[in-house]
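Fold and geometry: a report
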Amino acid sequence: MAKKTYDLLFKLLLIGDSGVGKTCVLFRFSDDAFNTTFISTIGIDFKIKTVELQGKKIKLQIWDTAGQERFHTITTSYYRGAMGIMLVYDITNGKSFENISKWLRNIDEHANEDVERMLLGNKCDMEDKRVVPKSKGEQIAREHGIRFFETSAKANINIEKAFLTLAEDILRKTPVKEPNSENVDINSGGGVTGWKSKCC
Amino acid sequence: MEKMPSPGKEEGEEGEEEEEEEEGAGPEGALGKNPFQLTAEDVYDISYVVGRDLMAIAGDSRDVATRVTQLQFKIVRVLEMLEALVNDCNVTVEELRMERDSLRKEVEGLRSEGQPPNTEEVNPGTNKVVVDLTDPNRPRFTMQELRDVLHERNKLKSQLLVAQEELQCYKSGLIPLNNSQLARRDPQALMTSPSSSKGGKQEKTVIRKLFSFRSGKRT
């Protein structure tokens, strides 16, 4: 099977409050586009993007979660499958920054222990509406030992850099092996299997 | 009494007619009316009729005329009393009607307001939501149903991506047609979803499968 289109598959997850721009960040990365209309994500969605790192073709399967509390039970069931999690807040929304600790707790509760985490302060193009100083983002990231970027999906600032850095961090810990005919597997929701196992 | 019967009878007959056709009974009709339906207008009609009859009697002699005049004062007084009573009665009826209407409205308002609390009483509990069944946007799917639909959507989406990728390979000539059997493996592997099987042990296998990068053959 010569024609495998990628060498590795990394599963990433975007989390954070509703409206911070998770979907826009992903859309910028996957399609290099930006849309100002706000459409709340329903439950969970994903996009695929293949990147090349250290001579390896890496397929990134990026899961985009709904930030709204009402989808919480659905979205948390996808944490387990993730190898990297991007926690996004909005620098113009203090509440979304305050909730970082809540999201970090969710990661602790639902994700794999060795998951790579990253903090993104999105909408950094809106300097005039900023309420969260960059230093505060850096500080909380340092406290938790995770990487931090300020990004703008709209102005295309640090988006690709953030995804590639996260992928590199995951690649660094990945034992060097070739994939077999592994494919994009969407049966990742730990919750789905968990639920099924409960009724069997 | 002896003199009155003849017009009285006429009045009575006309009165009966009047019950059938209210309009056009003339002043005499007022005497045949149900006293509880009497209006001030009817009292004036009665006054006119009585006055006319008295005039007819008084025409004969002076002695009679004097007595008729005395009687006339009494009749006028009685008519005045009747007028006052009729007016008062009508006002009261109107007041009662208005009050009845406003009370009726109040009851209707209370009934429509009162229904939701009644339902709440049926389903007590602080975390319960009352759903309006007539609202086209009412919530009607469970979280589990949404989860299943999203799961299926994402499965189909990933199958589409795989198919598109494969198609691209064929188009660009990367995969010769006789290799198609091999290439078809991928979508098939994808179809096997963990939901179609598995208990606790199997679940682990599925997760491991997701994150293991077993060696594959590249040529």
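Keep in mind that this is a model prediction, so the values were computed, not measured.

Considerations on the confidence of the model for chain A
In the predicted model, chain A carries a mean pLDDT of 88, and 86% of its residues have values of at least 70. Long-range and interchain partners of residues 188-200 of chain A, a stretch whose pLDDT sits below 50, account for 24 contacts in this model, where long-range means more than four residues apart.

Remarks on the UniProt feature "coiled-coil region" (unreviewed entry) in chain B
Under the feature "coiled-coil region" (unreviewed entry), the UniProt entry names residues 79-113 of chain B. Helix makes up 100% of residues 79-113 of chain B and strand 0%, with an end-to-end C-alpha separation of 51 Å.

Some details on the environment of Glu-116 of chain A
Residue and element names in this part refer to chain A. Within the fold, Glu-116 resides in strand S5 (residues 116-122). Residues Glu-116 and Ala-167, 51 residues apart in the sequence, show an inter-C-alpha distance of 9.1 Å. Contact partners of Glu-116, with chain neighbours within four places excluded, come to Met-83, Gly-84, Ile-85, Leu-166, Asp-169, Ile-170 and Lys-173.

Description of the confidence of the model for chain B
Residues and elements named next belong to chain B. The pLDDT averaged across chain B works out to 71; a share of 63% of its residues lies at or above 70. Here helix H1 (residues 5-20) is the element of chain B with the lowest mean pLDDT, 43, and helix H4 (residues 143-171) is the one with the highest, 90. Here residues 183-207 scores under 50 on pLDDT; set against residues more than four positions off or in separate chains, the count is 40 contacts. Counted against residues more than four places away or in other chains, residues 209-219, with its pLDDT under 50, gives 35 contacts. Both confidence scores are given for the complex: pTM 0.56, ipTM 0.74.

Considering helix H1 (residues 22-31) of chain A
Residues and elements named next belong to chain A. Within the sequence span of H1, burial applies to Lys-22, Val-25, Leu-26, Arg-28, Phe-29 and Ser-30. Looking at the buried residues of H1, the elements they touch are strand S1 (8-15), strand S2 (44-53), strand S3 (56-65), strand S4 (84-90), S5 and helix H6 (159-173). Directly after H1, the chain includes Asp-32, whose backbone phi takes a positive value near 50°.

Reading the values: rules and limits
- Residues numbered from 1 in each chain as written.
- Chains lettered and ligands numbered in written order.
- Predicted model: local features only at pLDDT ≥ 70, side-chain atom pairs only at ≥ 80, totals over all residues.
- Heavy atoms only, no water.
- pLDDT = per-residue confidence, 0-100.
- Contact = heavy atoms within 4.5 Å.
- UniProt positions renumbered as here; feature names shortened; annotations may be inferred.
- Helix = DSSP H or I, 4+ residues; strand = E, 2+ residues; numbered from the N terminus.
- Buried < 20%, exposed > 50% of the residue type's maximum accessible area, 1.4 Å probe, protein only.

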